[in-house]
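Here's the letter readout for the chains.
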Amino acid sequence: MGLAMATDAHGRRIDYLRISLTDRCNLRCRYCMPVEGISFKPHDEILTYEEIVRFARIAVEYGISKIRLTGGEPLVREGVVGFVRELIAVPGIESVAMTTNGTLLPRFAADLYAAGLRRVNISLDSLDPEVFARITRGGRLADVLAGIDSALEAGFDPVKLNVVVVRSLEQDLAGFARLTIDRPLHVRFIEYMPVGEAEEGSGCHAEGVEGWTREDSVPSDEVLDVLAREGARMGLGALEPLERESAPGGWGPARYYRFGGAAGTLGVISPLSHHFCGECNRLRLTADGRLRPCLFSDHELDVRQALRTGDADAVRHVIRSTLAEKPESHESRVGTERGMSQIGG
Ligand code: SAM
Ligand code: SF4
């Protein structure tokens with residue numbers, strides 16, 4: 001026990017835990033969920049809030065200090081505000097953040113802020129209502145835009161927008177860039193990952209998930225070229241790289257830029273074109289209580305049983321094994337059997 005194991009077998013400091021609160025969602029993004037939803041885990045297979053808090057207390061002993069709540073859609077889980085308050089109170093947890101599709105933020109933003117949450121990432125892949133509805137199979141863009149407004153009004157900082165770039169969607173990248181000019185929004189363009197592909201290159205996705213193909217992944221450098229070109233055309237000035245210190249507080253590998261004078265920033269996250277395994281600082285806990293050493297490996301360790309029996313040493317043992325089993329790199333493997341909604345993207 002103790003802080004000695006704050007590093008993994010490859011010398012990386014692991015201080016960041018992503019927790020999936022649920023595999024359920026109020027949207028059905030094509031690359032994430034089948035139309036009827038996945039075969040959701042029965043209630044008793046999902047970790048209770050109490051079990052998650054217990055896990056967090058033990059994870060702190062191993063150097064975890066930052067937690068991101070994700071899903072599925074974390075805001076569809078009942079009682080989430082009270083849980084956030086409890087998690088933030090765990091000694092040693094310095095910061096808690098949430099990744100959400102934003103649609104329920106109009107209802108929850110102020111309460112989450114009052115509970116102590118300060119950081120929120122909102123996922124939004126299109127600014128065109130019809131395309132948004134198509135991607136999410138019926139979602140309303142207006143709900144997400146209202147969610148963004150609520151987050152800013154409540155005082156969240158940073159508010160980041162996650163945009164997965166998919167070539168065949170022909171997204172209006174410049175339109176997203178414009179959002180950063182007047183408001184402190186931090187838009188991050190993420191390379192689309194063929195997660196949920198059963199076999200690499202097979203084009204076969206986790207059951208019922210009709211994702212896009214590998215050819216739809218757009219390298220971040222291409223995104224930056226488009227932004228620089230379109231920015232110049234729109235009179236936004238030059239796209240300037242930001243030093244790490246002036247980037248919006250990040251725990252991950254985003255590279256940030258800004259158009260001169262803009263209130264917000266633009267970032268790129270390049271899991272495919274720029275391998276950042278060497279900087280990997282995270283573990284993942286799935287909603288059904290499995291610890292996942294690497295997003296791209298289907299290898300998971302069961303910690304639910306140890307949590308249920310109340311055996312803290314058994315939990316410690318699973319954490320230590322997970323740290324020891326973190327691979328050095330995902331190399332070229334990017335396929336997974338479980339879709340993002342199950343892993344907790
Ligand atoms: N429901 C919440 C949301 O949408 O933000 C949280 C869970 S969602 C699985 C987390 C993030 O994973 C979203 O930003 C989503 O766009 C992203 N995501 C899902 N599948 C992806 C994929 N194949 N490649 C890249 N990002 C993906
Ligand atoms: Fe739901 Fe997020 Fe998956 Fe979309 S990406 S279906 S919002 S969990």
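Residues numbered from 1 in each chain as written. Chains lettered and ligands numbered in written order. Predicted model: local features only at pLDDT ≥ 70, side-chain atom pairs only at ≥ 80, totals over all residues. Heavy atoms only, no water.

**Some points on the overall build of the protein**
Helix and strand content of the protein: 10 helices and 12 strands. For the protein, with 345 residues in total, the buried portion stands at 57%. Within the protein, contacts between residues at least 6 apart in sequence are counted, and of these 74% link residues at least 24 apart. Split by element, the accessible area of the protein, about 14400 Å² in all, is 50% carbon and sulfur. (Helix = DSSP H or I, 4+ residues; strand = E, 2+ residues; numbered from the N terminus. Buried < 20%, exposed > 50% of the residue type's maximum accessible area, 1.4 Å probe, protein only. Contact = heavy atoms within 4.5 Å. Areas by Shrake-Rupley, 256 points an atom, 1.4 Å probe, with all protein chains shown as cover.)

**Things to note about the pairing of strand E9 (residues 265-269)**
The buried count for E9 comes to five of five residues, which makes it a mostly enclosed element. Neither face of E9 is left uncovered, since the one carrying Thr265, Gly267 and Ile269 and the one carrying Leu266 and Val268 both have all their residues buried. Pairing between strand E6 (residues 185-191) and E9: five bridges, direction parallel. Following the sheet pairing, Val187 is matched in E9 by Leu266. (Pairing = 2+ DSSP bridges.)

**Focus: helix H2 (residues 80-88)**
Within the sequence span of H2, burial applies to Val80, Val81, Phe83, Val84 and Leu87. End-on view of H2: buried residues confined to an arc of 160°, all on one side of the axis. Looking at the buried residues of H2, the elements they touch are helix H1 (49-60), strand E2 (66-70), strand E3 (95-100) and helix H3 (105-114). (Arc of directions from axis to C-beta.)

**Quick notes on the site of ligand 2**
Neighbouring residues of ligand 2: Cys25, Leu27, Cys29, Cys32, Met33, Gly72 and Asn101. Counted by class, the shell around ligand 2 contains five nonpolar, two polar and no charged residues. (Near = heavy atom within 4 Å. Nonpolar A, V, L, I, M, F, W, Y, C, P; charged D, E, K, R; others polar.)

**Overview of the environment of Leu227**
Along the chain, Leu227 falls in helix H7 (residues 220-233). Distance in space between the C-alpha atoms of Leu227 and Ala174 is 6.1 Å, their sequence separation being 53 residues. When neighbours within four sequence positions are excluded, Leu227 is seen to be in contact with Leu173, Ala177, Phe189, Leu239, Phe259 and Leu266.

**Points about the sheet that holds E2**
Pairing in this open sheet of 12 strands is mixed, and the strands run E7-E8-E9-E6-E5-E4-E3-E2-E1-E10-E11-E12 from one edge to the other. Since the sheet does not close on itself, it has two edges, and those belong to strand E7 (239-241) and strand E12 (301-302), each with one partner.

**Some remarks on the packing of H1 against H2**
Contact geometry for H1 and H2: axes closest at 10 Å, N-to-C directions at 20°. By the angle between their directions, the pair H1 and H2 is classed as roughly parallel. As H1 packs across H2, the resulting crossing turns out to be right-handed. Facing Tyr49, Ile52, Val53 and Ala56 of H1, the residues of H2 in contact are Val80, Phe83, Glu86 and Leu87. Residue classes in the contact of H1 with H2 are distributed as seven nonpolar, no polar and one charged. (Axes fitted to C-alpha atoms, helices over the stretch in contact; angles between N-to-C directions. Parallel < 35°, antiparallel > 145°, perpendicular 65-115°, else oblique. Left-handed = near helix turned anticlockwise from the far one by under 90°.)

**Brief notes about the side chain of Asp23**
Note that Asp23 resides in the loop between strand E1 (16-20) and H1. One buried charged residue, Asp23, forms no salt bridge at all, with the nearest opposite charge on Arg24 at 4.2 Å. Polar contacts involving the side chain of Asp23 include one to the main-chain amide nitrogen of Lys41, which spans 3.1 Å. (Lys, Arg positive; Asp, Glu negative; His and termini not counted. Salt bridge = Lys/Arg side-chain N within 4 Å of Asp/Glu carboxyl O. Polar contact = N/O pair within 3.5 Å; in protein donor to acceptor, adjacent residues only side chain to side chain.)

**Some details on the side chain of His186**
Considering the arrangement of structural elements, one finds His186 in strand E6. Apart from residues no more than four positions distant in its own chain, His186 is found in contact with Pro158, Val159, Lys160, Leu161, Pro248, Gly264 and Thr265.

**Quick notes on helix H5 (residues 141-154)**
Helix length check: H5, at 14 residues, gives a terminal C-alpha distance of 20 Å against a target of 20 Å (1.5 Å per residue), a fit within 8%. Among all positions of H5, only Leu141, Val144, Gly147, Ile148, Ser150, Ala151, Leu152 and Ala154 are buried. The inward-facing, buried residues of H5 contact H3, strand E4 (119-123), helix H4 (129-136), strand E5 (159-165) and E6. Once H5 finishes, Gly155 follows within two positions and takes phi at roughly 105°, a positive value. (Expected span 1.5 Å × (residues − 1).)

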